[in-house]
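Structural features, examined
One-letter residues, chain by chain:
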Amino acid sequence: MNTAVSPQSEFWRGAKDCLPVIIGMLPFALILGVQGGQKGMSPLEMSMMTGLNFAGGSEFAAVGLWADPLPVLLIITVTFMINTRHILMGAALTSYLKDVPMKKALPALFFMTDESWALSMADIHRRKQLGLPAFSLPYYMGTALSLYVVWVLATGTGAVVGPAFGDVALLGFGMAFPAVFLVLLRGLWKGWKAAVPWLVSLVAAVLVYLTIDGAWYVPAGALSGLLAAYWGAKEA
């Protein structure tokens, strides 16, 4: 790697590095768009939602809760809770943005996703080992913008073709994102003691699902899991 590389070459290096991620996420973007189209969302509405709230997990949750009348408060609450992980991710990244002008730092944080954050943190580690400045903003934006453009276009495309699929629930598309979470959960497994908050969250969500109408079981499960993790950490 060369310290004299241009911002343009760094940008395209980031775009190239995220190609495998794009290939992996493309089916999920299309599925999300198809589900949105099935709920009556237009391609423009779908693209605006994914463009303004660039966070796949909360977008799947929002589309899943989409109904008539629209449960606005519930969707906002669930979206906020799912996206709280970005607070920690942003905090980890901002230490490398302290010398970046605000007009560049704020857009960088807006486009941040799990994937662009992970790729950039891995690149930071590599650059440190090579004795280079730790953070490359052009590289980061190459990953973030590539993911953003593909995600928004693919979800809009999914909304266009969605009505032609009939009832997507019959095709099993609704299990796409839960399946991803199960895989991630398996990768985070550290034993039964660490799994207690997950179990508390599951029990609370099931109880609320069985007793209260609507999708309030989602924030109930999330809150109870967070409280269980907090009290577990205090006792440790």
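To keep things clear, this report deals only with the structure shown in the data block. (Residues numbered from 1 in each chain as written. Predicted model: local features only at pLDDT ≥ 70, side-chain atom pairs only at ≥ 80, totals over all residues. Heavy atoms only, no water.)

1. Some words on the overall build of the protein
Scanning the protein from N- to C-terminus turns up twelve helices and zero strands. Put simply, the protein runs from its N terminus to its C terminus through helices and strands in the order α-α-α-α-α-α-α-α-α-α-α-α. The buried share of the protein, reckoned over its 236 residues, is 39%. Intrachain contacts of the protein at a sequence separation of at least 6 include 75% that bridge at least 24 residues. Accessible surface, the protein as shown: approximately 13,800 Å² in total, 72% of it carbon and sulfur. (Helix = DSSP H or I, 4+ residues; strand = E, 2+ residues; numbered from the N terminus. Buried < 20%, exposed > 50% of the residue type's maximum accessible area, 1.4 Å probe, protein only. Contact = heavy atoms within 4.5 Å. Areas by Shrake-Rupley, 256 points an atom, 1.4 Å probe, with all protein chains shown as cover.)

2. Let's talk about the packing of helix α3 (residues 43–52) against helix α4 (residues 56–65)
For the pair α3 and α4, the least separation of the axes is 10 Å and the interaxial angle reads 140 degrees. What the angle tells us is that α3 and α4 run oblique. Relative to α4, the crossing made by α3 is right-handed. Contacts from Met46, Met49 and Thr50 of α3 reach α4 at Glu59, Ala62 and Val63. (Axes fitted to C-alpha atoms, helices over the stretch in contact; angles between N-to-C directions. Parallel < 35°, antiparallel > 145°, perpendicular 65-115°, else oblique. Left-handed = near helix turned anticlockwise from the far one by under 90°.)

3. Considerations on α3
Taken together, the buried positions of α3 are occupied by Met46, Ser47, Met49, Thr50 and Gly51. Those residues of α3 that are buried are in contact with α2 (19–38), α4, α7 (102–110) and α9 (137–161).

4. Here we look at the layout of surface pockets
If a probe the size of a water molecule is rolled over the atoms, the empty space left behind becomes visible. Quantified by volume, the second largest pocket comes out at close to 250 Å³. As for the second largest pocket, its lining consists of ten residues, and the residues nearest its centre are Lys193, Pro197, Ala228, Gly232 and Ala233. Counting residues per element, the lining of the second largest pocket draws most heavily on helix α12 (residues 217–235), which supplies six residues. A breakdown of the residues in the lining of the second largest pocket according to their chemical character gives seven nonpolar, one polar and two charged. (1 Å grid on protein atoms, 1.4 Å probe; cavity = no way out; pocket = protein on both sides within 12 Å on 5 of 7 lines; lining within 4 Å. Points joined across faces, edges and corners; volume = space filled by probe spheres on them. Nonpolar A, V, L, I, M, F, W, Y, C, P; charged D, E, K, R; others polar.)

5. Section: the environment of Thr79
If you trace the backbone, Thr79 turns up in helix α5 (residues 72–83). Owing to a relative accessible area of 16%, Thr79 belongs among the buried residues under this scheme. Separated by 18 residues in the primary sequence, Thr79 and Ala61 have C-alpha atoms spaced 7.3 Å apart. Among residues more than four places away in sequence, those in contact with Thr79 are Asn53, Ser58 and Ala62.

6. Quick look at the nonpolar core
Grouped together as the largest cluster of nonpolar side chains are 41 residues, with contacts concentrated most on Met46, Phe135, Leu137, Tyr140 and Trp151. At the level of elements, α2, α3, α4, α5, α6 (85–94), α7, α8 (114–129) and α9 are the ones that each hand at least two residues to this core. With eleven residues, the single largest contributor to this core is α9. The contacts of Met46, once residues within four sequence positions are left out, are Leu32, Gly33, Gly36, Met41, Val63, Thr155, Gly156 and Ala159. (Core = buried A, V, L, I, M, F, W, Y, C linked by side-chain atoms within 4.5 Å.)

7. As for the packing of helix α1 (residues 7–17) against α8
α8 packs onto α1 with a crossing angle of 120 degrees between their chain directions and a minimal axis gap of 11 Å. By the angle class used here, α1 and α8 are oblique. Two packed elements cross with a definite hand, and for α1 against α8 that hand is right-handed. Mapping the contact onto sequence places Glu10, Arg13 and Asp17 in α1 and Leu119, Asp123, Arg126 and Arg127 in α8. For the contact of α1 with α8, a count of residues per class yields one nonpolar, no polar and six charged.

No statement about biological role is implied by the geometric values presented.
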